[in-house]
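Here's the letter readout for the chains.
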Amino acid sequence: MQKYTCPMHSQVLKDEPGKCPLCGMDLVSIGGAKHAAAHNRHNRHNEAHKGQAAEHAAHGDAGYNKHEGHHTHDFLKRFWISLIVTVPILALSHMVQRWLGFSFTFRGDKYVLLALGTFIYIYGGMPFLKGMIGEIKANAIGMMTLVALAITVAYVYSAAVVFGLPGMDFFWELATLIVIMLLGHWLEMRSQMAASRALQSLIELLPNEVNVERNGEITKIGLDDLKNEDVVIIKPGEKIPADGLVIEGTSSVNESMLTGESVPVKKEVNAKVIAGAINGDGALRVKATGVGKDSYLNKVINLVADAQAAKSNTQNLADKVAKWLTYTAIAVGLGTFVYWYFPGGDLSFALERMVTVMVTACPHALGVAIPLVVAISTTLSATNGLLIRNRTAFETTRRLSTIIFDKTGTLTEGSHAVEKIIPVKNYSADEILQYAAALQQNSEHHIAKGVLKTLKEKNLPLWKSENFTYMQGVGVAGTVNGKNIIAAGPNYFTQNNQPLPEIPKEINQDAQTVNFVLIDSQLAGIITLADTVRNGSQEAINQLKEMGIKSFLLTGDNEKIAATVSNQLGMDGFLANVLPHNKQEKVKEFQAKGEIVAMTGDGVNDAPALAQADVGIAVGSGTDVAAETADIVLVNSDPRDVVKMIDFGKRTYNKMVQNLIWAVGYNVVAIPLAAGILYPKFVLSPAMGAVLMSVSTIVVAINASLLKLNKK
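Residues numbered from 1 in each chain as written. Predicted model: local features only at pLDDT ≥ 70, side-chain atom pairs only at ≥ 80, totals over all residues. Heavy atoms only, no water.

## A short note on the pairing of strand 7 (residues 243-248)
Both strand 7 and strand 12 (residues 284-290) contribute to a ladder of five bridges, which runs antiparallel. From the neighbouring strand, Val246 faces strand 12, where its bridge partner is Val286. Summarising the sheet, strand 7 and strand 10 (residues 272-273) pair through two bridges and their orientation is antiparallel. Across the sheet, the residue bridging to Gly244 is Val273, located in strand 10. (Pairing = 2+ DSSP bridges. Helix = DSSP H or I, 4+ residues; strand = E, 2+ residues; numbered from the N terminus.)

## Some thoughts on the packing of helix 18 (residues 537-547) against helix 22 (residues 640-675)
In the contact formed by helix 18 and helix 22, the axes pass within 8 Å of each other and the chain directions differ by 30°. Side by side, helix 18 and helix 22 meet where Glu539, Ala540, Gln543, Leu544 and Met547 of the first sit next to Arg640, Val643, Ile646, Asp647 and Lys650 of the second. Of the residues contributing to the contact of helix 18 with helix 22, the split by class is five nonpolar, one polar and four charged. (Axes fitted to C-alpha atoms, helices over the stretch in contact; angles between N-to-C directions. Contact = heavy atoms within 4.5 Å. Nonpolar A, V, L, I, M, F, W, Y, C, P; charged D, E, K, R; others polar.)

## Brief notes about the pattern of salt bridges
Opposite charge on two side chains lets them pair, provided their charged atoms get close. Inspection of the entire model under this criterion finds 13 salt bridges. Of the charged contacts, one joins Arg285 and Glu248 as a salt bridge, the two residues approaching to 3.0 Å between their closest N and O atoms. Taken together, the residues Arg285 in strand 12 and Glu248 in strand 7 connect sequence positions 37 residues apart. Its relative accessible area of 21% is what places Arg285 among the partly exposed residues. In this structure, Asp641 engages Lys644 in a salt bridge whose closest nitrogen and oxygen atoms are separated by 3.4 Å. Note that Asp641 and Lys644 are positioned in helix 22 at a spacing of three residues, about one turn of the helix. The exposure class of Lys644 is buried, given its relative accessible area of 13%. (Salt bridge = Lys/Arg side-chain N within 4 Å of Asp/Glu carboxyl O. Buried < 20%, exposed > 50% of the residue type's maximum accessible area, 1.4 Å probe, protein only.)

Printed below as a string of C-alpha cells:
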C-alpha cells in the first residue's frame, strides 16, 4: 500500500495525500517498505496525541502547539524576505538616521515606511498572529500571544504616528523584532527536529529490497512483501531486513546502531538476528520471525516515540511555570505602560516599555528547555541499548537508594549447564534426563534450556509429553510414556508439606541448583545444574556502592546458592527461596522502610515486582526485550547497563534543571530591565529584548545538545 509522510515529522504516516496535521506541509509519497513497520505504532501515537490535546483543552492547559501549522522552511523563508524588507525600513527610519548621522528623506517617505511596515507585520508576523488565535481558542494563552500583542501594539501605534499622532514610529523596531523572532523560532524548531530525524534514522536502517528463497529459487522482492517464515539470503555487508533465526552460515553482525555494543556479535546456526543490523563478512540464511511491526526495531521506534510524547514531572513543572510567566508578562507589560504613561509620561516611551516587556518575557527558552532534553535523551539512550518507556520513572533513577537484582539471567549467565544426573532407583541416568527433558521441552525456563542442551549433546531421543503443567516458581509436571512425571525444585516439597529428600553429599549446594525428578510420586533421580556469574556483575555492584546505592539479590534458589553469589559480589544482602508471586511483597517491604527501589529482572516471572518497584528494569537481549510491565528496558543483558542508566538519568535531570534555571533566571533579570528599572542609566529596546530572548532559547538548545551518555 502506498504511504505518505511529512518531510519534517516522520511520525506522521497516512494512506492518502494531504497536509501534515503537525506543521501543515504537503505529505510526500514513500514506498511504504521502510515505514510499514512503524505504521500501526504511528496511528496509535497520533490517536494518543489527539487524546492529550483534548484533555489539555478541557483543563485549559498548554495543550496548544505553538508551532501548529508551521514548519522550519516556512519560518526560514519568512525570515529572509522579512530581513530584505527590513533594510529599507531601517534606512527610512528617522531614529536610525539620527543614530548613524545621515539624512535620507523624500516626499511621502512615511507612507512608503507604512507600506513596508504593513507588509512585514502581515507577512512576517502572520505565524505569531495565527498562533495567538490558536492559543486563545484553546484557552492556552502563551508565547505566541505575547509576541502577537507586542508587534500589534508597535504596528498600530506607528501607523497612528504616520497619520498625525504625536510621537516617533516603531517601524524599525517592529521589523527587527519580527526578523529576530522568526530566526529564533526557526532555530528552536530546527533543534527540536534534530531528535526526530534521529528517530527517522532508525527506520532507515532497513533495506529497500530483500533476497528470499521461494520455490527453490532466490528472488529479489520489496521489503513490504517479506513475510514471516520466509528464508532470507543475507550477503556480506547487507542490512538484515527482519528479526530472524540463522538456519545456515556463520558471520559477525554489527548491532551497534541498535544496542550500542560496538563489538560485532558472532552469529551461527540457531542464533537470533535483529532487523537493521549489518552483516559482516559471512553469508547467512535466515528464517524471518519478526517482520515489520513485529520486529525489534519497530519496538524500539514505538518505545522512543511513546517516551518522547510522555511528560515527566519536571516537564509538567516547566509547562506550569511557562504558563504563569506568560500571564505575569502580560500583567507586568500593562502595569509598565500605566506606570510610565499616566503620571504625565510620554506615550511613545510607555508603549516602547510595554512592548519590550512582552517581547523580552516570552518564555520560549522555558518552553523548549525540557522537551528538547527529553527528545535528545530518549533517542540517545535508545541507540545505546537503553529503552525508556516511562519518563517519570527514568527521572526517579537519580533518587534510587536500593536495587533488587533477580539472580538468574541478570547477575548470572542463566545458562544452567547440567552438572550431575544422579539416579535414585530403577532408572538410568539417561532415562532420568529423558523424562525431565520430555517435560522441559514445553518450558522456556533456564533449567529447561540446560536439560534440553544436555539431551542434544548425548544424542538421546526426545520423548513426547502430555497434560503439561507449569507450576510457577516450583517446577513442571506432565505425563510421559503413561507415567506421571514431576521435575521440580525444593519449593515443591515445601508447598506440599512433604519432607525434602536427602541430598547426596557429592552435590555442592553452595553452587548448584537441585532439580528433583519424580515418577509416579516417587523420587527417581536428581539433576543438578550450575550457573556462572555474568561478566560485569562485579563491576556493576562495585559502582553502585560508590554511588551509595544498596544492592540485594532476589532468587527462587536455596539460601546456600543465594549466599554464595551475594557474598562473591559483595552485595548488601539476599532473599532466597522466593516464589514469583512473593517477589512483589519483598519490593513492598523495602518501600515500607522508605527506600526508593528499582527491581531488575527478566520481565516475565518478575512482572508483578517490576510493576510494584519505583523503577522497573527489564533485562533482555534481541527480540526478547519488550517487557510490558517495565519502565526501562536494557537491551544487552549486561548488569553494568543498570549503572549506565542511573548515571544517564542523573545527567538528563541535571540538563533539565540547568535549562530551567537559565530560562527562569533570564526572565527574572530581563523583565525588570525591560520595564525600565534602570532608566535613564540603561534602557532596553524592544529589538534588544528580542535578541536576548532568542539568545536565551539558543543557549538552552545548545546546552541540551551537549547531553552525553557515558559508555564506560
